[in-house]
Amino acid sequence: MSILKGVGVALVTPFNEDLSVDFESLTKLVEYNIENGTNYLVVLGTTAEAATLSSDEKKQVVEHIIKVNNKRLPLVLGIGGNNTLEVKQQIEETDLSDFTAVLSVSPYYNKPNQEGLYQHYKVLASTGKNIIIYNVPSRTGQNLEAETTLRLANEFPNLFLIKEAAPNILQYFDILRKKPEGFNLVSGDDEYTLPVTLAGGAGVISVIGQAYPKEFSTMVQLAFDKKVDEAYEIHNKLVEITRLIFAEGNPCGVKVILAEMGLIKNYLRLPLVPASEGLHGKIKTEMKNI
């Protein structure tokens, strides 16, 4: 799965004013990322507000992105949840022929212990599909500890990658230091992308990257090439706006940027709401600085 290296972007779902899916803007967003250096696209991740999309809408979004992409970039599909057997069934029943892998977030709300998390991914691994583990404690309420990740990585080769978004960067480094050959890690936190890549990570699955794909993909490639000073120059330029887009939750911040760029309209589905006027202004100011 070495093709999933560099900058993957977790695409937002653009909406029209009536909150229907805006497929015209989705086309523009996909084309913008393909043209500006994004390495792969993540479809229906949490950034896509997938929890608010109906089954029919999810199917339409998937089909539309497959058509627009036209096999130009590798695709990853988000299929996750807190009902293990249902997630397993969805993975087994979904046509994954156009996708390199499935991104599956660890179970939220239930707050299983480490053995429960291990057993959850063990069941998903039994599908035989290529699965990316996704650890994001700020959303799920439970951290998948490095020891559990390494246990899974050593036992199930099709659990080949983790999108790690733990708040403690030492956890990333522990996984990178101890991981088996054939297993890798991408940052799930945009601000950690550069240090994690320099430490041996495979890049990032990014939110801000879909707004600044050229800059972000250049930074990651510089990290792969160990051109540290040049990479940190880009990192430092993007730090403030990266922090701002998450200040009131995701994806309200990045939708401000994409709307200001004319790629989408700035609408979200409840329970998410657009960025406040104050945050909107700060993001616009920082865009001008960049």
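What counts and what doesn't
Residue positions are given per chain, counting from 1 as you read along its sequence in written order. Per-residue local features of the predicted model are confined to residues with pLDDT of at least 70, and side-chain atom pairs are confined, for both listing and counting, to 80 or more; whole-chain, interface and lining totals are unaffected and use all residues. To get the side-chain values, all heavy atoms of the structure are used, and hydrogens and water are removed first. UniProt positions are given in the numbering used here, feature names are shortened, and annotations may be inferred rather than shown by experiment. Think of it this way: any DSSP run of H or I at least four residues long counts as a helix, any run of E at least two long counts as a strand, and we number them from the N terminus. Residue burial is assigned from relative accessible area. The probe radius is 1.4 Å, only protein chains are included, and a residue is buried under 20% of its type maximum, exposed over 50%, and partly exposed in between. In what follows, a contact means two residues having at least one pair of non-hydrogen atoms within 4.5 Å. The term polar contact refers here to a pair of N or O atoms within 3.5 Å; inside protein, the definition further demands a hydrogen-donor-capable atom paired with an acceptor-capable atom, and it admits residues adjacent in sequence only when both atoms are side-chain atoms. Using a grid of 1 Å spacing that covers the protein atoms alone, one calls a set of points a cavity when a 1.4 Å probe fits there but cannot get out, and a pocket when the set is open and has protein on both sides within 12 Å along at least five of seven lines; lining residues are those with an atom within 4 Å of a point.

An unreviewed UniProt entry annotates the protein chain as 4-hydroxy-tetrahydrodipicolinate synthase of Chryseobacterium turcicum. According to the UniProt record, the Subunit (unreviewed entry) comment for the protein chain reads "Homotetramer; dimer of dimers."

**Student:** Describe in detail the environment of Arg 139, supporting the description with residues and values.
**Tutor:** Mapped onto the elements of the fold, Arg 139 is located in helix α5 (residues 137-140). On the basis of relative accessibility, which here comes to 41%, the residue Arg 139 falls in the partly exposed class. Separated by 133 residues in the primary sequence, Arg 139 and Gly 6 place their C-alpha atoms 24 Å from one another. Setting aside its immediate chain neighbours within four residues, Arg 139 contacts Thr 46, Tyr 108 and Asn 250. At 3.4 Å, the side chain of Arg 139 and the backbone oxygen of Asn 250 are in polar contact.

**Student:** Give me the lowdown on the UniProt feature "site: Part of a proton relay during catalysis" (unreviewed entry) in the protein chain, citing residues and values where you can.
**Tutor:** Within this structure's numbering, the places UniProt gives as "site: Part of a proton relay during catalysis" (unreviewed entry) are Thr 46 and Tyr 109. If you take the residues mentioned a moment ago, the ones lining the largest pocket come down to Thr 46. For Thr 46, the location among the structural elements is in the loop between β2 (40-43) and α2 (55-69). The contact partners of Thr 46, leaving out residues within four places of it in the chain, are Tyr 134 and Arg 139. In this structure, Tyr 109 sits in the loop between β4 (101-105) and α4 (114-125).

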